[in-house]
Each structure stands twice: as structure tokens, then as C-alpha cells.
Amino acid sequence: MALENIIEAKGLTRRFGSFTAVDHVDLVVKAGSIYGFLGPNGSGKSTVIRMLCGVLQPTEGEATVNGFNVRTETESIKRSIGYMSQAFSLYRDLTPAENLDFFGGIYGLKGKHLKERIDAVVELVGLRKYMEQPSGTLSGGWKQRLALAAALIHEPPLIFLDEPTAGIDPVARRSLWDLLFDLSGQGKTFFVSTHYMDEAERCSQIGYIYLSKLILKGTPVELKAMPEVSPAGTRRVSVETDNPSMSLRALKSMKGVRDATLVEAEVHLLIDTGTPDSAIQSALSEAHLPPSAVRSIEPSLEDVFVTVTRSLDKG
Amino acid sequence: MNGLWSVIRKEFMHLRRDRTTLMIALVMPVLQMIIFGYAINFDVRHIQTAVADLDNSRESRQYLAELHAGQYIDYVASLSSPEQVAQMLRNGSARVGISIPKGFARTLLKGGNPQVGVMIDGSDAQVSVRARFAFVSPPKNLPAGVPDARVNVLFNPDSKTANFMIPGLIAVILQIVTVALTAFSIVREKEMGTLEQLMVTPVGRLALMIGKLVPYAILAMVELIAVLTLSDLLFGVVSRGSLITLSIISIPFVVASLALGLLISTIAQTQGQALQLTQLSLMPSILLSGYVSPRETMPGWLYMLSSVIPGTHYMQVTRGIMVRGAGFVDLIPQFLILSLIAFLLILASTARFKKSIA
């Protein structure tokens, strides 16, 4: 079953009473990709995921997951996907071995095959030495690895990860992503919702949902190249300075500056093309701030989301 | 008292949004008042009575009518032999049996004292005491002689309270424990977030319900053995009937109670609410089941309400088997009703479970 598009949604809509939680979302996820699903809390991310997982019926629209219809073939969908939620949702009082045994059993694995699958996923996530302690006593990172192991136990081609790295330490976060890249290289598809911009940068495809609508989609490169993000007559520069926050204040009010923000101790500016670098230098010296280096930069994904969201809020 | 007003307001807001707690707080005392008020009534009247009138004369019918006029007894069956009357007493469909022998009218008209056989089910002491009142003073408006009612108290003839109360208590205890066993099972998963994970797996709703039920059903059967052993050791109450029969009929009861717990678990949003709902369900289990006072004393609507509680029927089973030595055949109605309640409760909780996750 080599589907090119492992998820296809058209006009996917969900209303709760008079509230529209998801509004005509069109979305395509290519097999083998890591699809980053972004958006603020309450924008409809979880509702989309629940519909795609076959847990919640759409009010309107159609979608197929692994080739199965989300309205009529929910059982087939559930058998063919893995799911890992942001909060640890395996049994805390059971050991990892018992949890994996339980979830494997639910997916109909048994006997020797189940044992082999448990061995395989434990090996994959490196959980071996923690197999006999209660899962609730594992650290956040190990809990997530266990959850991932459980999501992979029945060899699903597609795995949904709902904010998988929320609240775990940076090392665990990095190693979880390394694992995802690895698996993606083996042909697995991941649908990952996240708040982290650096995680979004790692995805091969991105969808950004805002106020129930999917307002952006594409690869990170495509999104950064969008004309709305760098409007005609503007350019982006980074200002390296010893005193970033004071500099930010000074530059924000400067003529020709449309947007200013701090990134990694540098001030990022969106300025009119008519504003030369020297104007920035002189504005800083007027404010009695040390001189600084100015260089041109490409927009980041955060710039993309901020610019598009702002223009939506205005209009 | 910094912030007192804010805290008061906040708590009211919580309360307004937590409909379940609000409902319980408002409805519970009302229900308790009604149920306590009506259910605890020891003034037993209209006791179910079976009659075998072998004489079938004008005088025998008049005698029966006079007995009925005292309001203690109601006739529920007219049978053709004393054996049939005894059978009705054993299976619990009548509490009093009256057998009028042939020749009743003849002896009476001669001015004699014709004997009348009266059987009273002694398993419920309150009922049997009241039933005896019906025969204390002989009817006055009969011609010539006075019938001699020979009262024979069956089952628990010494009216030992323990013989009657302990089997009832067994039913109450099992009801309480089993409901509590499952009341938390679903809502706990909801709170822990594990339900979310389960929902994206292909596990069936019914499989989940029954899967949660079976281990607790086994546990409850072990508890049954424990309380039976204790009732013998502590109170010297030993079953007259077969313990195997008791165990078999206990199965649908245990399943029904556990399913009631599951239903609570699908309704409650938090474990706290599950606890409150469990307590709410316990009160009628104790008060309406016939444990505290005979169901015969309850008004019709309360009697109806009591018949949807598994414990009510199970109490008839424990008392029937342990006190009266009833057999399986005598208790087939209870067995069927308990099975029906179990079936309906499982359906209801499965249906309710679907709604709660959508």
C-alpha cells in the first residue's frame, strides 16, 4: 500500500453547537514526511487530530487517513495509526513491559509475535533497563519514549504526536527528534503538533492553524519565501549589539522600522528598503548605545507566523 | 480577611459550572427526606396472603372476608391445596398462608371450633409479628362457633433477628462494595488521560466495559464467600438452602451492581463526583431494598423504585435461600430480573460511554 498522500482532508469542519472549532481545513500529508502542525492553543489543533484519528466525527467535509474514510472506516484508521499525546497517557502503575503487553494485545498481537514486537520497540527507543519499574516513576523523557514505543507496537505507517516534547528537557527533546528522523528515514510518517519554532523548522511540511482555519501550509522554505512575509519595499536585518533590550527600545520607535523583536540576543528588524544600515547605526548612537554590526537576514518561521497572524488580526 | 469576597465569588463560580455537584447538593437531601420518611415504616399492613379454601362455603368465605377487613392481610392467590400454599411461602410470593379444611362450615354451624391452618413466613420478624395480629381476635360476625386459627410460624420459628438480618446484611454489603469497585474505573482513566489513549486504539466499547467488569466480578464472589463465612463464625447464621444455588444467583446480581458502578463512572466527570454518586446510590440500596423495613410498607411509587435496585432482588435471594431454604426453581423470577437489570445496565453504560467521549 504505497499511498502518495497518507492524509488527505478536504473542507474538514467540526462545529460544537454554534462554535466552529475547525473551519474547512484542506490538508495533504505526503507519506514519509514529518508534518508539523502548528497553532496557538484553542485554535483547533486537537480537534483536527481527533477527527483524523477517527475519534471525532466531522460535521462537514471529508478526509482519508491511510486511504480510510474518517467517517465510515474509523476502526480501520485506529488499527493503522499510532498516537502519542502530550500528557503521559499510559498506565502509571504498570511497568513499561506491562503497558506494551497491554497495548500490543489491544491491537491483536499475541504470543511470539507480540514478544518480538515488544523487543523491537524497546530496542528502538532504548528502554531496556527500565522495563520492570512502574511507568509513573520514569522521567519525562523516558515516559515519552515509552509512549512512542507503545504507539509503534503494531507497526503503523502513520503516527500522530500531539505536542510530544511539551515539558521535557532539551536533551530528551533532541533525542526524541533524532528518533523521529530515524523512523522517518525508514518510511514512517509523523503528524506532529508543536509550539516550538525550532521543532517546526525540522519538519518537512508545515500547516499553521489559526482561529479554526488552516491559514498556512508548505515546506519551511516555501513559507519563508511567501511575498506576504517580506512585503515589497521591505527587508529584514539583524542588529548585533551589547545591549539588545535597550537597542530594541530605541529601534522600535525609529522611522522606517515596521517590526522589531529580539532573537538570540540580537535585534531583528523589518525595515523599509529605503532605510540604510547607517541610519540604524546613527539611531543607536543618538540613544547613547554602543555601535553595532548590521547584516541582512532571511525571515524565520516565527517571522512568518507573526506577520501572517498580524495581517489577519488587522484585516 | 483579605480576599474573602473574591474567594466566595470564585467558589460560587465553580459551583455554578460543576452541575453534577450542584445537583447532588440540592437533590440529595430532598431524596433522603422522601426515602427515609416513607421507607422506614414498621406499620406493616396488606401482607401478601395465599389461601386454600377447601370448604368453599358461605361461612368460610365470610371468615376470610372478616380477616381481610382487619387490613393486615391481602389475598394474592386462591389455591386448591395446603401444599401449594406452602410452596408460595417458600418462594416468597406470599408471607401468610391460610388453609380452611373441609367441614369448616359444618363444625361452625354446630357451634364448634373448626380448625384453620395458618402458616406465617417467620423470616422477616416484623412481618410475622404483624401477621399474627390478624389472627389474635377471632371474627365476631360469624354464626355460632368460633374458628380456631392454629398459627404455625415457618422458617425462623424462634424469630431470631440475626437469622433474618444477616442474610439481608450480606446483600447490602455486597451491593455497596461492588458498586464502589467499578464506580471509579472509567473516570479514573478519564482523569489520568489513559482513556484518551484507549480511544485511538481499536478496543471495543463493550470489550472495555466487560473487561473492566470481569475481574471485579470474581473479586465480589470471593467477598461473598468471606461474608458467608463470617456470618457463620460471628452470628451463627448458617444457610438452610444450597450455597451453590446462592452462588449461581449471585452472579447476575454482582454483574448488575458492577454495571451500576460502571454507569456511575461514565456519568461522573471526576473521581470526586463518582464518590458522591456512589453514596447517592447506596442510600436506596439500604433503605429501599427491604433491609431496614419491609417493602410492603412502602407507597406504590417507592415500591416500584425499589424494584430497579439489584440489591432488592438479591435480598430476596439471600433470605430465600438462607432462611427459608428456597431452591433455584423458587428463585427463578429473581434470577431473571437480576439478569435483565445486569443486561440493561451494561447496555446503558456502554451507550453512555460513547456519549461521554464524543
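Residues numbered from 1 in each chain as written. Chains lettered and ligands numbered in written order. Predicted model: local features only at pLDDT ≥ 70, side-chain atom pairs only at ≥ 80, totals over all residues.

Peer 1: I keep staring at the domain arrangement of chain A and nothing clicks. Help me out?
Peer 2: It is common to give the size of an interface as the accessible area that goes away when the parts come together. Splitting chain A by domain gives domain 1 (5–224) and domain 2 (234–298). For domain 1 of chain A versus domain 2 of chain A, the separation of C-alpha centres amounts to 40 Å. (Domains from an automatic or database assignment.)

Peer 1: Help me out: how do you make sense of the nonpolar core in this one?
Peer 2: Nonpolar side chains in soluble globular proteins tend to be buried together. Within the largest apolar cluster, 70 residues are counted, with the highest numbers of intra-cluster contacts made by Leu52(A), Ala149(A), Ala150(A), Ile153(A), Ile159(A) and Phe191(A). The leading source of residues in this core is helix H5 (residues 140–152) of chain A, at eight residues. Excluding its chain neighbours within four sequence positions, the residues that come into contact with Leu52(A) are Ile7(A), Ala63(A), Val65(A) and Val70(A). Counting 60 residues, the second-largest nonpolar core is a separate cluster that includes Ile170(B), Ala183(B), Ala220(B) and Ala256(B). (Core = buried A, V, L, I, M, F, W, Y, C linked by C-beta atoms within 7 Å. Buried ≥ 20, exposed ≤ 12 C-beta atoms within 10 Å, placed from the backbone. Helix = DSSP H or I, 4+ residues; strand = E, 2+ residues; numbered from the N terminus. Contact = placed C-beta atoms within 7 Å.)

Peer 1: Which parts of the structure should I look at to understand helix H14 (residues 310–324) of chain B?
Peer 2: Residues that lie three or four places apart on an α-helix share one face, since the helix turns once every 3.6 residues. All names here are of chain B. Here H14 is 15 residues long and its end C-alpha atoms lie 20 Å apart, about the 21 Å a rise of 1.5 Å per residue gives. The buried count for H14 comes to 15 of 15 residues, which makes it a mostly enclosed element. The first or second residue beyond H14 is Gly-325, which carries a positive phi of 70°. (Expected span 1.5 Å × (residues − 1).)

Peer 1: Just checking my understanding: could you explain the pairing of strand S1 (residues 47–53) of chain B for this structure?
Peer 2: Walk down a regular strand and you will see the side chains alternate between the two sheet faces. All names here are of chain B. In terms of residue burial, S1 counts as a mostly covered element, since seven of its seven residues are buried. By the alternation rule, side chains of S1 split into Ile-47, Thr-49, Val-51 and Asp-53 and Gln-48, Ala-50 and Ala-52, which are all buried. Note that S1 and strand S2 (residues 73–79) share six bridges and pair parallel. Bridge pairing links Ile-47 to Ile-73 in S2. Traced from S1 through helix H3 (residues 58–69) to S2, the parallel crossover comes out right-handed. Judged from the five bridges that link them, S1 and strand S3 (residues 96–100) form a sheet pairing that is parallel. Each bridged residue has a counterpart across the sheet, and for Asp-53 the counterpart in S3 is Ile-100. (Pairing = 2+ DSSP bridges. Right-handed = clockwise from strand over helix to strand, strands pointing away.)

Peer 1: What exactly am I supposed to notice about the sheet that holds strand S11 (residues 234–240) of chain A here?
Peer 2: Across a sheet, strands are paired by hydrogen bonds formed along the backbone, either parallel or antiparallel in direction. Residues and elements named next belong to chain A. The antiparallel open sheet is built from four strands, whose spatial order is S12-S13-S11-S14. Strands at the two margins of the open sheet, each flanked by one partner only, are strand S12 (257–263) and strand S14 (293–296). Strand-to-strand, the axes of this sheet are offset by a mean angle of 25°, without reference to chain direction. Both S11 and S14 contribute to a ladder of four bridges, which runs antiparallel. Paired with Ser-238 across the two strands is Arg-295, which belongs to S14. (Axes fitted to C-alpha atoms, helices over the stretch in contact; angles between N-to-C directions.)

Peer 1: For this particular structure, what's the right way to read the interface of chain A and chain B?
Peer 2: With 16 residues of chain A at the contact, the number on the chain B side is eleven residues. When residues of the side of chain A that touches chain B are traced back to their parent elements, those giving at least two are helix H2 (74–80) and helix H3 (96–106) of chain A. Residue contributions to the side of chain A that touches chain B peak at three residues, all from H2(A). Each residue belonging to the side of chain A that touches chain B can be placed in one class, and the counts come to ten nonpolar, two polar and four charged. (Nonpolar A, V, L, I, M, F, W, Y, C, P; charged D, E, K, R; others polar.)

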